[in-house]
Amino acid sequence: MKSTKPEHLLALALLALTWGSSFILMKYGMFTKSGEKVLEANQVAALRLLIAGIVLLPISISGLRKVPKEKLKWIALVGLVGSGLPSFLFTNAQRFLDSSLVGIMNSLTPLFTLVIGIAFFKRLAEPRQTVGILIGLAGAVGLISLNGFGANSHWEYSFLILAATISYGLSANTVQSKLADVSSLHITSISLLMAAIPAGVFVFSGSTPEIITTHHHGWYSFAAVATLAVVGTATANIFYFWLTQQTSALVASSVTYLIPIVAVFWGVTDGEHLNVLHLICGLIVLSGVWLVSRKKKVAKTSFVD
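Residues numbered from 1 in each chain as written. Predicted model: local features only at pLDDT ≥ 70, side-chain atom pairs only at ≥ 80, totals over all residues. Heavy atoms only, no water.

Trainee: Could you give me a rundown of the overall build of the protein chain, with the residues and numbers involved?
Mentor: When helices and strands are counted, the protein chain shows 14 helices and zero strands. Sequence-ordered secondary structure for the protein chain, helices as α and strands as β, is α-α-α-α-α-α-α-α-α-α-α-α-α-α. Here the protein chain holds 305 residues, and 54% of them are scored as buried. Of the contacts made within the protein chain by residues no fewer than 6 positions apart, 89% connect residues no fewer than 24 positions apart. On the protein chain, roughly 13,300 Å² of surface is accessible, and the fraction owed to carbon and sulfur atoms is 69%. (Helix = DSSP H or I, 4+ residues; strand = E, 2+ residues; numbered from the N terminus. Buried < 20%, exposed > 50% of the residue type's maximum accessible area, 1.4 Å probe, protein only. Contact = heavy atoms within 4.5 Å. Areas by Shrake-Rupley, 256 points an atom, 1.4 Å probe, with all protein chains shown as cover.)

Trainee: Please set out the pattern of salt bridges residue by residue, giving values where relevant.
Mentor: Charged atoms that come close allow side chains of opposite charge to pair. Applying the stated criterion across every chain yields a total of five salt bridges. A salt bridge links Lys 71 to Asp 181, with the shortest nitrogen-to-oxygen separation between them at 3.4 Å. In this pair, Lys 71 sits in the loop between α3 (57–66) and α4 (72–93) while Asp 181 sits in the loop between α8 (158–178) and α9 (184–205), placing the two residues 110 residues apart along the sequence. Look at the salt bridges and you will find they share partners, linking Lys 27, Asp 270 and Glu 272 into a network. (Salt bridge = Lys/Arg side-chain N within 4 Å of Asp/Glu carboxyl O.)

Trainee: How would you explain a nonpolar patch on the surface if you had to name every residue and give the values?
Mentor: A grouping of Leu 10, Leu 14, Leu 17, Phe 239, Trp 242, Phe 265 and Trp 266 is seen on the molecular surface, where their side chains present a nonpolar patch of about 640 Å² in accessible area. For the nonpolar patch, the elements supplying multiple residues, two or more each, are α1 (6–30), α11 (218–246) and α13 (255–269). Within the secondary structure, Phe 239 is located in helix α11. Taking the relative accessible area as the measure of exposure, Phe 239 reaches 34% and is therefore partly exposed. (Patch = residues over 30% accessible without salt bridge, like charges linked within 9 Å, V, L, I, M, F, W, Y side chains within 5 Å.)

Trainee: Any details on the packing of aromatic side chains? Residues and values, ideally.
Mentor: Scanning the model with the defined rule gives six aromatic pairs in all. One aromatic cluster is present, formed by Phe 23, Phe 90 and Tyr 168 through successive ring pairs. (Phe/Tyr/Trp six-rings, centres within 6.5 Å; stacked < 30°, edge-to-face > 60°.)

Trainee: Account for the environment of Ala 93, with residues named and values stated.
Mentor: Secondary-structure assignment places Ala 93 in helix α4. By relative accessible area, which is 0% here, Ala 93 ends up buried. Filtering out sequence-adjacent residues up to four positions away, Ala 93 remains in contact with Tyr 157, Leu 160 and Ile 161.

Trainee: Let's hear about the packing of helix α2 (residues 41–55) against α9: which residues, and what values?
Mentor: In contact at an axis separation of 7 Å, α2 and α9 are set at 130 degrees when each is read in the N-to-C sense. Here α9 runs oblique to α2, going by the angle between their axes. As for how α2 packs across α9, the hand of that crossing is left-handed. On the side of α2, the interface is formed by Asn 42, Gln 43, Ala 46, Leu 47, Leu 49, Leu 50, Ala 52 and Gly 53, while α9 contributes Leu 192, Ala 195, Ala 196, Ala 199, Gly 200, Phe 202, Val 203 and Phe 204. Considered class by class, the residues forming the contact of α2 with α9 number 12 nonpolar, four polar and no charged. (Axes fitted to C-alpha atoms, helices over the stretch in contact; angles between N-to-C directions. Parallel < 35°, antiparallel > 145°, perpendicular 65-115°, else oblique. Left-handed = near helix turned anticlockwise from the far one by under 90°. Nonpolar A, V, L, I, M, F, W, Y, C, P; charged D, E, K, R; others polar.)

Trainee: Please set out the environment of Glu 40 residue by residue, giving values where relevant.
Mentor: Along the polypeptide, Glu 40 turns up in the loop between α1 and α2. Glu 40 sits in the partly exposed class, given a relative accessible area of 38%. Residues Glu 40 and Ile 211, spaced 171 residues apart in sequence, show a C-alpha to C-alpha distance of 10.0 Å. At 2.7 Å, the side chain of Glu 40 forms a polar contact with the side chain of Lys 37. (Polar contact = N/O pair within 3.5 Å; in protein donor to acceptor, adjacent residues only side chain to side chain.)

Trainee: Could you give an account of the packing of α2 against α4, naming the residues involved and the relevant values?
Mentor: Running from N to C, α2 and α4 cross one another at 145 degrees; their axes reach a closest spacing of 8 Å. Considering how the two elements wind past one another, α2 and α4 form a crossing that is right-handed. Note on element contacts: α4 touches α2 through Ser 83, Gly 84, Ser 87, Phe 88, Thr 91 and Asn 92, opposite Ala 41, Asn 42, Val 44, Ala 45, Ala 46, Arg 48 and Leu 49. For the contact of α2 with α4, the class distribution of residues is six nonpolar, six polar and one charged.

Trainee: Explain helix α6 (residues 109–120) residue by residue, including any values.
Mentor: In this model α6 runs 16 Å from its N-terminal to its C-terminal C-alpha over 12 residues, within 8% of the 16 Å that 1.5 Å per residue would give. Those residues of α6 lying buried are Thr 109, Pro 110, Leu 111, Phe 112, Thr 113, Leu 114, Ile 116 and Gly 117. Positive phi shows up at Lys 122, right after α6, with a value of about 60 degrees. (Expected span 1.5 Å × (residues − 1).)

Trainee: How would you explain the layout of surface pockets if you had to name every residue and give the values?
Mentor: Taken as a whole, the largest pocket encloses approximately 210 Å³ of empty space. In this structure, the largest pocket is lined by 16 residues; those nearest its centre are Leu 17, Ser 21, Ile 24, Leu 25 and Trp 266. Among the elements of the structure, α1, α11 and α13 are those that each provide at least two residues to the lining of the largest pocket. The leading source of residues in the lining of the largest pocket is α1, at eight residues. The residue inventory of the lining of the largest pocket, partitioned by class, reads eight nonpolar, six polar and two charged. (1 Å grid on protein atoms, 1.4 Å probe; cavity = no way out; pocket = protein on both sides within 12 Å on 5 of 7 lines; lining within 4 Å. Points joined across faces, edges and corners; volume = space filled by probe spheres on them.)

Trainee: If you had to explain the environment of Arg 123 to someone new, which residues and values would you point to?
Mentor: Tracing the backbone shows Arg 123 in the loop between α6 and α7 (127–146). With 50 residues separating them in the primary sequence, Arg 123 and Asn 173 have C-alpha atoms 9.6 Å apart.

Trainee: I'd like to hear about the confidence of the model for the protein chain, residue by residue, with values.
Mentor: Interpreting fine coordinate detail is not advised for predicted regions of low pLDDT. When pLDDT is averaged across the protein chain, the result is 85; 89% of the residues are at 70 or more. Taken as a whole, residues 297–303 scores under 50 in pLDDT and shows 31 contacts with residues more than four places along the chain or in a different chain. (pLDDT = per-residue confidence, 0-100.)

Here it is, written out as structure tokens:
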């Protein structure tokens, strides 16, 4: 393993800050601080993908000339399930769930990466990893149940977060199995370009531009989404792959444990309320993740919140 240098630790901290802040930025894209709706959940997701794709356009255009054409279908799949679908699932979940809770549940990604690998990619799990999956899922069930199951609890939206982490798991395994010989930077930029094309059609065929330019909070929401796209999606992925290449997948994956801390901080700062039981269930989830990823990282890829 390569030695960890101060610049690597700085990159790790920046990743935790940017990805941990993604959830509150989604919230600010949809609502004002007083709770008034600005952009719809799907509008925020589509605008995020469009901006990220535009930012990485020079890299993706270069990559399209270098990547073998038979690989493009797999990169398109990564764009769909690794970037496109989760973006819509997260914003729709955050219509009713606190951003801090969503940030904690996002930590289930390594668990579902292993589960998908076992189910569809002939991966083998060690006994401790199987235990980790069960512990992590138990923590997730606890988090969901803490919201209650009444008609106004909206607990069912937690399953959108589970679906997003499953999508990340499928994307990660696809990269490892089908795209191991393709530059990670090209995978990221081209997959985002492919997700950005239909997202752009959605943005410009609907009311998104009008809301941004006419709503009194429109440009503030646009700034939140643009920051999310440029920093939390495009730039953060580049940092992630650089850190992985400079150190190891194990070091880079440790950001999984830091993201919930940042997400909870922003959520509490914004007036969201978590009790001790939420934190205990979150620690249970992270304990399961630790057991799953302790020895091996199933795939080297990016996870976009």
